[in-house]
Structures are given as structure tokens and as C-alpha cells.
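Understanding the architecture of this molecule
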Amino acid sequence: MNKMFLVIKREYLERVLSKWFLIGTLLGPVLMAVLILAPLLVTKLDTSDRKVTVLSLNNDTALLDSIEKRLGNKKDPLGKGKYVVKTLAIEDPSSLPKVQEDLAKQIKSGDINGYLVIKEEGKEHSAEFFAENVSDLGTIRRLEDATSDAIVEKRLSLEGMDIKKINELSKPIDIKTKKLVDAGTKEDNGQSMFLGLIMMFILYMTMLIYGMTVLRGVVEEKQSRIIEVVISSISPLQLMFGKILGIGLVGLTQFTVWSIFGAILPTILASFSLASGMMSIPDIPKSLLVYFVLYFVLGYFLFATLFALAGSIVSNEQDAQQVQMPITMLLIIATIFTTLIIRDPNGTTSIALSLVPFFGPILMFLRIAVQTPPFWQIALSLSLMVVTIIACSWLAAKIYRVGILMYGKRPNIPELIKWLKYT
Amino acid sequence: MSTTQAIEIKSVTKSFGDFTAVNNLSLEVAQGSVFGLLGPNGAGKTTTIRMIVSITFPDSGQVKIFGEQLNPKMQERIGYLPEERGLYKKMKVGEQLRFLGGLKSVPSSELDKRIKHWAERLQIADWLDKKTEELSKGMQQKIQFIATVLHNPELIILDEPFSGLDPVNANLLIEVIHELKSKGTTIILSTHVMEQVEKLCDDICLINKSQKVLAGNLKTIKKSFASNKLAINYEGESDFLNNNNLVKKIAQYASHLEIELVEGTDSQELLKQIINSGVRINRFEMMEPSLNEIFIRKVGKNE
């Protein structure tokens, strides 16, 4: 036991003290935060006004006024600037080319960003926007909204309808979603699904990354030929489980750092005065955190034993790439079913799939996050996983102790079955 | 010291599937001796050694070490330097030795002292803080040797310990092996370099195709292989060698002439002839067969 502790310590320290762990653990969340914050910060920096001239070819000053009222001096929702609208009613359409020439000059000199030409033919309206930059979709969208609203209002009033009444009657409504939880109801606009998916994704990534780390560790010991020295002091089983546990602890360490980071993130955001409604980080229910750690530990252990088995039967990195495929596929297949789980978390197919031990960490966890299933299902999933872990550990141990001393050609399945019989 | 053997192997067989790696092997290694385990590649040496250090286990037969049945505890009394050996590349040399020593249950209070002692003895003390991957192959070999002896084992198994060492370091290692032997350590040496075996070993066992072909005291074995080779130095004409029906083969070396006699010939016959031919003899010596020759004769015959 004492010797296994030495192996755990070695595996743990070697990785926790490596620069990759530091980069992955510390810079990972920082990078994620930067990716979320940077666009927000950048738009905050954008203080320039949007200067637009609106033209009516039909000398429709009423329409122009209506558009200006909707847009002029209004703040841009993303940046800090506002819309500065000038209007130009044209009586003689034949003068348009000259006017356009003039406006083009203004665009060149930077006096305006662009101009909008509105034309009316019969009851149909058309509009064209001219600018050097026509990729500023936000601005174009605002122009479009304001123009159509103004035109629709004009058409309706021509039909003799009361504008005020129309606005009152056509007011849209928002559906507010409330999640039923044991303690009552709480507002939930898809956060629980979003949160569930993010946590599931973290589970998926970490099981995969740390599982592969186990595989690489085993192959490395074989390749560097340290293995024979080590197992002349310690049983292969102690070495294998020491390695799995040591690397697993690295994963848990990473989670700890991340949750500390997650806990202080809102404070950081607040200090940037960015903690607006859209940025609020949903509270993670304690029970979900417990299940997260539980499913990571079991899921990691399950896949790590398989990855250790895979590592023990190959002698080089290329072969390792190949044997890891079937194991990685198990994880990938599980993620394919996530949409099904989200749409119908308690359907028979969802229940059946989420009970499969290899899918449990992905699918049962997602079910718990989206709509907590009856406890017996969770308990059954966990127990099935424990049983599978024991079976896989037994299998991995049998193969591992033979495999680590075998070099050269990768064995096929019948050969592996023979290995099981070796003493 | 008691009379128990360091190692007693009795009719041990070990197979992997259809392949029999060790077939009904028996051998004994006396405590405090240096024992040469010899044989061509694939003869079953490594499998035999792995059974002694409890890495693999025999299908049948018995392995006793210091009079006890094989058990994992025994690993702490054995130091094993495998032929295929390596180190953790990313670890510092000192850490690496601490880890490997710890696995052999050396108390941590003792570890640093012993590492320092051995590092100085093998002239690598300056390297303890370096990463292993920065070391040359020969240096790494010394580290591996230290890891083998760090726990003061009573039995040391060295599989090709000299490969990769320059002559200076190889001599250093030979010195250390002699020192260990004088302290009563039993040493098993497995190598293809027969000169080293002749220098170091008391007893040998030659394995070929998973079976024992020759075993016993090295000197006795060498005597039992009657020699028909002569080394001579002379002054005068070499006519006496032309069409001589006593001589089977002649090899001319810078310093002497080597003559292989026809089987069953008395060397005195040749001596008489030479003297009669008027040549002056400075050296006339029966050559003991080298272990190399014995090895080739024994293994070659079985082909």
C-alpha cells in the first residue's frame, strides 16, 4: 500500500508540476473568460455614432420624419454611440445621381457612414443602403426595422386605422419559463439545460483527456523500458492502479481550481461592471455538483482501466492511436444521444441509454441536470457502473501484467484471450 | 553464513501459449558467489531471471530464494538490472533514485545518504539535479545500476550490465561488483561477453533452447574441455609445418602461431618433430579453451 502511494505521488506530482497542467488549469478558464468578455469589452470601446442620411425619392417627408423619430438619437444597443439621422426629401427623382455623387463624397470624407434611398411605386416600397462598410449587420438591421415599422404604420394609417390602437393590439408577449424543483418553482430560461450541457461537456473532455493520459503514461513506461525495473519492486496491479489514481487526482485538482475560479468569477465580472442580466452565471445546485464529481470519478475510473489495458498491449504511439479508438468511440456515441435526452429525458429510450454504464457519465448526468430522474434510476446507473468498473479492472489487470512485458507486434483478440490464461 | 543456497530452481517449466521458454530447468546458485547465466538470444535467460524476481511465475517446478518459497516480499532482497532498462525521462536523477529506492522500502532517512554515497562512488554526483533525458546512455546506465543496489540487496541480478559502457566505466563497474562480492552479496551475471564472465564468475550455467546444456564451476568446466590447441614461438624455418599429418589448422598471429592438432594427437609428438627439424622453440604452450569456444561448441552443436 505504501509503495502504491509512492506511485500515486510520482504520477500526481509529475503532472501537477508540469507546465502543461499550469497552462491548462490556470489559463484555460482565463482564456474562456477572455473569449466571453473580450467582445463585450470591445463593443464598450466602440463609442462612434452611426451617421446615416435617409432619402425619399417620393418627397415623402412624413415617412422620413417617422423614420427619424424611431432611429434618431437612439443609442446603439451594443456600442456606446447613437444614431444621427439626417433626412432628405427629393422632389425631382432625376436629380438623384447628383445627390448621390454628393453623398458619396460625404461618405469618403467621413461625414456620414452611409445613406438609405427609399422609393415608392404604387403601394410597393423598396429601399437601398449605400455605404463603404455593408458588413455592419447590427446597423443595417436597425435601419431595416425602423424603416419597415414606419412604412407599415403609414400603410395602416392610409387604410384608416388608428395607430395607437394598432400598437396596443399588436404588442407581442414573452413566455417566461419556470422550472419545477422540489422547493417550488424558479425562473429558468434554458439555464439548466445550458448548464447541464456545459458540465456534461467538461465531463466528456476530462474523462477523455485524463483517460488518454493514462494510456500515454502506460505506453511511455513501456517505451522507456522503465517498466521492468518498477515491477521488480512492485506488483503490476499496484503500478496500474497507482497510475490511474494519481492521474485521477490530477483531474480532481483541476476541478478544484476551476470551481474556485468559478466562485470568484462573478466578482471579477462585477468589477468590470459587466454583470448585466445576460452575463449572470446560474447557481449550480449542490446536488448537481455532487453528481458531477461522482460521475467523473466513476466514469474516469471506468475509462482509465480500459485505456490502461489498451496502453499495455501496444509498444509505440502509432499503435496506441489505433487501440484507443474503440474506447473513444464509446464516449463519442454517448454524446450523439444528447439531443434525444434533452427533448425527452424520461422516455424509455433515454432511460435505457442512460443506464448503459459506458454512457452513464454523459447521459445520466445530463438527465439529472435537465430533469432529475427517480432516484432508483440514478442508484441503478451508479451500481451498474461500479460492477462494470470491477469487471473492467479485472480484465485490464489480467491483460496489463502480460502486456507490459510484450514488445513488437500488437496482439489480436484471440491472442489476448490466451493472455488471460497466463499465470 | 548458512549453507543454504541463494537460489534453488527445481525442474521449472514456463511456457507462453505454444512456446516453451524454460523447459525443466534446475540450477543452484551458492550464496556469495558470482554466477554466470549464459546462453544465446532467446534461450530463456530473461524468463528465468523474471521468475527469480517474481515478475512472472513458473507453470510447474519450484523456485526457492534464500531457502524460502518465492514471495513478493522477497523482491526487497533482490536488486535487478534488466537488459531492457530505462528511466523516467522527465524526472530529475535524484528524484528518480528516491522513487525507485522507495519502491524497495528504503527508509527515506537513509535514501539521501545512500544516493550520495553511490553517486560519488560511480562519479555522477554532479548529475543528481539534472533531468534524466539530458544524460548520455552510459550515464543513465550508472543511474540504473545505483537503483539496483540502493537497498543493499543480498542478491543482485545484472543482465548485460556492460553494454553501453566505455572501457573505463566498465572497469569501474567490475571493481564495484568485486566489492559487492567481498561483502557477501550473491551476484548473477547474464551476458554475452565471455571475457567478463571469465573475469568475474565462479560458477556458470549455459542455457540453450530453454534447456540447461552446461553447469558448474567455471574452472572445472574449462579443464574438462580437453584442449588440442597450441601456441608456439620459434626461430628458424617453418618447413616442419608443411604437410604435417598431426596438424589440423594453423593460424598466424603477430606474436605467435596457433596450431590446432588433429584429434587424438599427443602434443609431445609435435614437439619432438619440431626440435628434430632444427628450429629453436621459445614458447610451446597448451591453450586452455576460452569460454567463448566452449559457448560456441556447446551451442553450435545443438543447432
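All of these numbers come straight from a predicted model, not from anything done at the bench.

1. Let's talk about the packing of helix α4 (residues 137-149) of chain B against helix α5 (residues 167-182) of chain B
Residue and element names in this part refer to chain B. For the pair α4 and α5, the least separation of the axes is 12 Å and the interaxial angle reads 5 degrees. The pairing of α4 with α5 is recorded here as roughly parallel in orientation. Residues Lys142, Phe145 and Val149 of α4 form the contact with α5, whose own contacting residues are Asn169, Leu172, Leu173, Val176 and Leu180. Residue classes in the contact of α4 with α5 are distributed as six nonpolar, one polar and one charged.

2. Some words on the interface of chain B and chain A
Listed as interface residues are 30 residues of chain B and, on the opposing side, 19 residues of chain A. Regarding the contact of chain B and chain A, the summed buried area is about 2,400 Å², with carbon and sulfur atoms giving 60% of it. On inspection of chain B and its partner chain A, the count reaches three salt bridges. The salt bridge involving Lys3 of chain A is made with Glu76 of chain B; its shortest N-O contact spans 3.0 Å. There are 10 residue pairs in polar contact (both at pLDDT 80 or more) connecting chain B and chain A. A per-element tally of the side of chain B that touches chain A places helix α2 (residues 93-103) of chain B first, with five residues. When grouped by side-chain class, the residues that make up the side of chain B that touches chain A number 13 nonpolar, eight polar and nine charged.

3. Focus: the packing of α2 of chain B against helix α3 (residues 108-121) of chain B
Residue and element names in this part refer to chain B. The contact between α2 and α3 brings their axes to 10 Å, and the two run at 125 degrees. Taken together, the axis directions place α2 and α3 in an arrangement best described as oblique. Handedness of the crossing formed by α2 with α3: right-handed. Taking contact as the criterion, the partners of Gly94, Leu97, Arg98, Gly101 and Gly102 in α2 are, on α3, Leu111, Asp112 and Ile115. Across the contact of α2 with α3, the residue classes break down as three nonpolar, three polar and two charged.

4. Remarks on helix α5 (residues 137-158) of chain A
All names here are of chain A. A rise of 1.5 Å per residue sets the reference length of α5, with its 22 residues, at 32 Å; its end C-alpha atoms lie 31 Å apart and thus fit the reference within 8%. Among the residues of α5, those classed as buried are Thr139, Leu143, Ala146, Thr147, Ala150, Ile151 and Lys154. Along the axis of α5, the buried residues cluster in a sector spanning 120 degrees; they form a single face. Residues of α5 that are exposed and angled more than 90 degrees away from the buried face: Leu137 and Arg141. Those residues of α5 that are buried are in contact with β1 (50-56), α3 (61-71), β2 (83-89), β3 (114-121) and β4 (124-131). Just past α5, the residue Gly160 takes up positive phi, approximately 85 degrees.

5. Describing the domain arrangement of chain B
Segmenting chain B into domains produces domain 1 (7-223) and domain 2 (228-287). Each of domain 1 of chain B and domain 2 of chain B has a C-alpha centre, and the two are 43 Å apart.

6. With respect to the domain arrangement of chain A
When its domains are assigned, chain A resolves into domain 1 (2-32 + 180-421) and domain 2 (49-169). Just the C-alpha atoms count here: the centres of domain 1 of chain A and domain 2 of chain A sit 56 Å apart.

7. Side note on a nonpolar patch on the surface
On the surface, a cluster of nonpolar side chains totalling about 760 Å² of accessible area is made up of Trp20, Leu22, Ile23, Leu26, Leu27, Val30, Leu31 and Val34 of chain A. Relative to the elements of secondary structure, Val34 of chain A occurs in helix α2 (residues 19-45).

8. Details of the packing of aromatic side chains
Residue and element names in this part refer to chain A. Counting across every chain of the model gives 12 aromatic pairs over all chains. Ring plane angle 85 degrees and centroid distance 4.7 Å describe the contact between Phe255 and Phe296, whose orientation is recorded as edge-to-face. A residue pair is termed long-range when its members are at least 10 positions apart, and Phe255 in helix α9 (residues 236-271) and Phe296 in helix α10 (residues 286-312) qualify at 41 residues. Of the two residues examined, Phe255 and Phe296, each falls in the buried class. Taking 5.8 Å as the distance between ring centres and 65 degrees as the angle between the ring planes, the aromatic pair formed by Phe292 and Phe365 counts as edge-to-face. One end of the pair, Phe292, is in helix α10; the other, Phe365, is in helix α14 (residues 360-370), and 73 residues separate them in sequence. Judged by relative accessible area, which is 7%, Phe292 ranks as buried. Through a chain of ring-to-ring contacts, three or more aromatic side chains come together here, namely Phe255, Trp258, Phe292, Phe296, Tyr300 and Phe365.

9. So, the sheet that holds strand β11 (residues 229-235) of chain B
Residue and element names in this part refer to chain B. The antiparallel open sheet is built from four strands, whose spatial order is β12-β13-β11-β14. Each edge of the open sheet carries a strand with a single partner, namely β12 (247-252) and β14 (280-286). On average, each strand axis in the sheet is tilted by 25 degrees relative to the strand beside it, whichever way the strands run. Summarising the sheet, β11 and β14 pair through six bridges and their orientation is antiparallel. Among the inter-strand pairings, Tyr234 is bridged to a residue of β14, identified as Ile281. Across the sheet, helix α8 (residues 267-276) touches β11, β12, β13 (257-261) and β14, and the angle it forms with β14 is around 170 degrees.

10. Some thoughts on the sheet that holds strand β9 (residues 203-208) of chain B
All names here are of chain B. The six strands lie next to each other as β6-β7-β8-β3-β9-β10, forming an open sheet whose pairing is mixed. Single-partner strands in this sheet number two, and they are β6 (78-81) and β10 (211-217). For this sheet, the mean inter-axis angle between neighbouring strands, taken without regard to orientation, is 15 degrees. Direction of pairing for strand β3 (residues 34-38) relative to strand β8 (residues 186-190): parallel, over a ladder of four bridges. Bridge pairing in β8 places Gly36 opposite Leu189. Packed on one face of the sheet, helix α1 (residues 45-52) meets β3, β6, β7 (155-159), β8 and β9 and runs near 155 degrees to β7.

11. A few points about empty space enclosed by the protein
Regions of empty space are outlined by a rolling probe, equal in size to a water molecule, passed over the atoms. Counted according to the given criterion, the structure contains five cavities of 30 Å³ or more. Volume-wise, the largest cavity comes out at about 80 Å³. Surrounding the largest cavity, Val229, Ser232 and Ser233 of chain A together with Tyr80, Leu100, Lys104, Gln144, Ala147, Thr148 and His151 of chain B form its lining. The leading source of residues in the lining of the largest cavity is α4 of chain B, at three residues.

12. Focus on the environment of Thr206 of chain A
Residue and element names in this part refer to chain A. Note on placement: Thr206 falls in helix α7 (residues 191-223). Separated by 90 residues in sequence, Thr206 and Phe296 have C-alpha atoms that sit 8.1 Å apart. Discounting residues that sit within four places of it in the chain, Thr206 has contacts with Gly211, Phe255, Trp258 and Phe296. Polar side-chain contacts of Thr206 include one of 2.6 Å to the backbone oxygen of Ile202.

13. Some details on the pairing of strand β2 (residues 19-29) of chain B
In the case of a regular strand, side chains alternate between the two sheet surfaces. Residue and element names in this part refer to chain B. Both strand β1 (residues 7-16) and β2 contribute to a ladder of seven bridges, which runs antiparallel. Along β2, the bridge assignment pairs Ile9 with Leu27. Linking β1 back to β2 in an antiparallel pair, the connection comprises two residues, with Gly17 at a positive phi of about 60 degrees.

14. So, α4 of chain B
Residue and element names in this part refer to chain B. The end-to-end C-alpha distance of α4 is 19 Å, a good match for the 18 Å that 13 residues give at a rise of 1.5 Å each. Counting buried positions along α4 gives 11 out of 13 residues, so the element sits mostly inside the fold. Among the residues of α4, those classed as buried are Gly138, Met139, Gln141, Lys142, Ile143, Gln144, Phe145, Ile146, Ala147, Thr148 and Val149. Looking at the buried residues of α4, the elements they touch are β6, α2, α3, β7 and α5.

Reading the values: the criteria
- Residues numbered from 1 in each chain as written.
- Chains lettered and ligands numbered in written order.
- Predicted model: local features only at pLDDT ≥ 70, side-chain atom pairs only at ≥ 80, totals over all residues.
- Heavy atoms only, no water.
- Axes fitted to C-alpha atoms, helices over the stretch in contact; angles between N-to-C directions.
- Helix = DSSP H or I, 4+ residues; strand = E, 2+ residues; numbered from the N terminus.
- Parallel < 35°, antiparallel > 145°, perpendicular 65-115°, else oblique.
- Contact = heavy atoms within 4.5 Å.
- Nonpolar A, V, L, I, M, F, W, Y, C, P; charged D, E, K, R; others polar.
- Buried area = accessible area lost by both parts, 1.4 Å probe.
- Salt bridge = Lys/Arg side-chain N within 4 Å of Asp/Glu carboxyl O.
- Polar contact = N/O pair within 3.5 Å; in protein donor to acceptor, adjacent residues only side chain to side chain.
- Left-handed = near helix turned anticlockwise from the far one by under 90°.
- Expected span 1.5 Å × (residues − 1).
- Buried < 20%, exposed > 50% of the residue type's maximum accessible area, 1.4 Å probe, protein only.
- Arc of directions from axis to C-beta.
- Domains from an automatic or database assignment.
- Patch = residues over 30% accessible without salt bridge, like charges linked within 9 Å, V, L, I, M, F, W, Y side chains within 5 Å.
- Areas by Shrake-Rupley, 256 points an atom, 1.4 Å probe, with all protein chains shown as cover.
- Phe/Tyr/Trp six-rings, centres within 6.5 Å; stacked < 30°, edge-to-face > 60°.
- Pairing = 2+ DSSP bridges.
- 1 Å grid on protein atoms, 1.4 Å probe; cavity = no way out; pocket = protein on both sides within 12 Å on 5 of 7 lines; lining within 4 Å.
- Points joined across faces, edges and corners; volume = space filled by probe spheres on them.

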